[in-house]
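# A structural walkthrough
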Amino acid sequence: MRRLYFDLIRARLRRGDFAFPFRAARTLWGVRRGEAKPLLGTLVVTYRCDLACDFCDLPRRGQRQSELGTEEMKGVLEGFRDLGVLGVGITGGEPLLRKDTLEIAKHGADLGMLMHLNTNGTFVTTEVAHAVADAGICSVNLSLDGPDAATHDRLRGRDGSFTRVLRAAARLCAVPGRRFRVALTCALGESNADQFDALLDRARDLGVDRVGFIPIHDFPANRVAPASSPVSAAAQRLLDRSTKDPLLDNSRAYLRLFDSAFRGEERPIACSAPRTSVVVDCYGAVFPCVPLNSVNQEVARGDVREVWRSETYTRARESLRGCRACFWNCHTEMDLALQKLGGSS
């Protein structure tokens, strides 16, 4: 099971929320019985971004219409809370391009949800690092795609981005009495797969808590890598290292799927994301999962509570039953955890 889950449960208990594990267990029990109960919420606060990553086209959707305002974003979080969402990932684009992102995150924390922030680190000043702590955020993921500037800056499309993410990690880790988890996330593909060992060593020097990898793959999968591909060999080496490196966040079950992802194959287990996850973007569009958000296939727009309970969403949920098209980490790790607990996907 993904180490993040244990980290967050322990953090919740340290904060005195002894009811949280029981709420989580009750929701998981409902999912096991086949009910639609969103455990995870994703809030895309903006599509705008200061980088130009060669594997992401979300910024092209930015600035085409007015983004939801601060109070509207808070309303989405209240909708998540009312649906029973346990944790929310705030993402983008680059979420810290919005000046109110941490205010929005604090509102979610005040509502009792676990709040997580994804950022490329560009705008993490010392003041922002302290504001992250004040907002009650439980975990922060920084994107780092290589152990050196040559690799990371090339993949992220901006010179200097490597230096900025290292500074962000140092500032976040240096927050006095830090109670939030700092992790690095690496999008692993053909151009950087042979560098993951060096990246893990770099992460250890930075003092971060975890490092997670996501296989770069098409959605839906339509590209097949040769059997002797360097990424396939790297996937096996990464799996071998996971037995002895506590820094790795990914579960071994997830790492075993990387080779299939790189080969363009379907994953071997069906996805429960339409029943366990809900995504709302900065324009109020509702999606059943992160990959469908990435290809702009929304279900509807409006109050997330009404959309989730609507016939339209029910039909969308049914149409996606058995989907095996992606290996997105949040959804796949959740399905693997449910499988281990005996739930059906």
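See the structure shown above.
Our subject in this report is the structure included herewith. Nothing here was measured: the structure is a model prediction, and the numbers come from that model. (Residues numbered from 1 in each chain as written. Predicted model: local features only at pLDDT ≥ 70, side-chain atom pairs only at ≥ 80, totals over all residues. Heavy atoms only, no water.)

### A few points about the nonpolar core
To keep it simple, the criterion reads: Throughout, nonpolar core names a set of buried Ala, Val, Leu, Ile, Met, Phe, Trp, Tyr and Cys residues whose side chains join them through atoms within 4.5 Å. Between buried and exposed lies partly exposed: a residue is buried under 20% and exposed over 50% of the maximum accessible area for its type, with that area taken using a 1.4 Å probe on protein chains only. Helix and strand definitions follow DSSP, with helices as H or I runs of at least four residues and strands as E runs of at least two, each counted in order from the N terminus. A contact between two residues is defined here by any heavy atoms of the two lying within 4.5 Å.
Leu43, Phe80 and Phe213 are the most contacted members of the largest nonpolar core, which has 84 residues in total. If one sorts the elements of this core by residue count, helix H7 (residues 161-173) sits on top with 7 residues. For Phe80, the residues in contact, after removing those within four places along its chain, are Gly41, Thr42, Leu43, Val85, Val88, Met113, Val278, Val280 and Val304.

### Comments concerning helix H16 (residues 329-340)
The line we're drawing: Expected helix span is taken as 1.5 Å per residue step, with the number of steps being one fewer than the number of residues.
Between the first and last C-alpha of H16 there are 16 Å, a value that for 12 residues agrees with the 16 Å anticipated at 1.5 Å per step. Among the 12 residues that make up H16, 9 are buried, leaving the element largely enclosed by the rest of the structure.

### Details of the layout of surface pockets
In this approach, a probe sized like a water molecule rolls over the atoms, and the result shows the empty space that is left. The condition that has to hold: Whether a set of points on the 1 Å grid over the protein atoms alone is a cavity depends on a 1.4 Å probe fitting there but being unable to get out, while an open set qualifies as a pocket with protein on both sides within 12 Å along at least five of seven lines; lining residues are those with an atom within 4 Å of a point. Grid points are joined across faces, edges and corners, and a volume is the space filled by probe spheres set on the points. Three categories are distinguished: nonpolar for Ala, Val, Leu, Ile, Met, Phe, Trp, Tyr, Cys and Pro, charged for Asp, Glu, Lys and Arg, and polar for the others, with Gly belonging to the last.
One number sums up the size of the second largest pocket: a volume of about 280 Å³. What lines the second largest pocket is a set of 15 residues, among which Arg26, Thr27, Gly84, Val85 and Leu86 lie closest to the centre. Where the lining of the second largest pocket is concerned, the elements lending two or more residues are helix H2 (20-32) and helix H3 (70-83). Top element by residues in the lining of the second largest pocket is H2. It accounts for 4 residues. Across the lining of the second largest pocket, the residue classes break down as 8 nonpolar, 3 polar and 4 charged.

### A few points about the pattern of salt bridges
Opposite charge on two side chains makes pairing possible when the charged atoms of those side chains draw close. Applicable threshold: For this document, the term salt bridge refers to a Lys or Arg side-chain nitrogen within 4 Å of an Asp or Glu carboxyl oxygen.
Counting across every chain of the model gives 21 salt bridges. Residues Arg98 and Asp100 are paired through a salt bridge, measuring 2.8 Å at the closest nitrogen-oxygen approach. Taken individually, Arg98 and Asp100 each receive the classification buried, so the pair is uniform in this respect. Where Arg241 meets Asp201, a salt bridge forms, and the shortest distance between an N and an O atom there is 3.4 Å. Taken together, the residues span a long stretch of sequence, with Arg241 in helix H9 (residues 230-242) and Asp201 in helix H8 (residues 196-206) at a distance of 40 residues. Relative accessible area serves as the criterion here: at 39%, Asp201 is assigned to the partly exposed category.

### As for the environment of Ala203
Relative to the helices and strands, Ala203 resides in helix H8. Note on Ala203: relative accessible area 0%, which makes it buried. For Ala203 and Leu144, which are 59 residues apart along the polypeptide, the C-alpha to C-alpha distance reads 9.3 Å. Not counting chain neighbours up to four residues away, the residues in contact with Ala203 comprise Leu184, Val208, Val211 and Leu247.

### As for the environment of Thr163
Looking at where Thr163 falls in the secondary structure, it is placed in helix H7. In this structure the C-alpha to C-alpha distance between Thr163 and Asp153, which are 10 residues apart in sequence, comes to 9.1 Å.

### Digging into the packing of H3 against helix H4 (residues 101-110)
The angle between the axes and the distance between the axes are what describe a pair of packed helices. Condition: Every axis corresponds to a line fitted to the C-alpha atoms, with the helix fit spanning only the stretch in contact, and the corresponding angles, defined between N-to-C directions, vary from 0 to 180 degrees. In this scheme, roughly parallel covers angles under 35 degrees and roughly antiparallel covers those over 145, while 65 to 115 is roughly perpendicular and the rest are oblique. Less than a right angle of anticlockwise turn of the near helix away from the far helix marks a crossing as left-handed, whereas a clockwise turn marks it as right-handed.
As a packed pair, H3 and H4 sit with axes 9 Å apart at the nearest point and diverge in direction by 30 degrees. Accordingly, the angle class assigned to the pair H3 and H4 is roughly parallel. Judged by the sense of rotation from one axis to the other, the crossing of H3 with H4 is right-handed. Across the interface between the two elements, Thr70, Met73, Lys74, Leu77 and Glu78 from H3 touch Glu103, Ile104, His107 and Gly108 from H4. Of the residues in the contact of H3 with H4, the class split is 3 nonpolar, 3 polar and 3 charged.

### Quick look at the sheet that holds strand E3 (residues 114-119)
So the rule is basically this: By definition, two strands form a pair when at least two bridges between them are found by DSSP.
The sheet built from 9 strands is open, its strands ordered E6-E5-E4-E3-E2-E1-E7-E8-E9 with mixed pairing. Whereas interior strands pair on both sides, the edge strands pair on one side only; in this sheet they are strand E6 (210-215) and strand E9 (300-301). Bridge count between strand E1 (residues 40-44) and strand E2 (residues 87-91): 5 bridges; the pairing is parallel. Residue pairing for E2: Leu43 is matched across the bridge by Ile90. Along the sheet, H8 contacts strand E5 (181-188) and E6; its crossing angle with E6, the most-contacted strand, is approximately 150 degrees.

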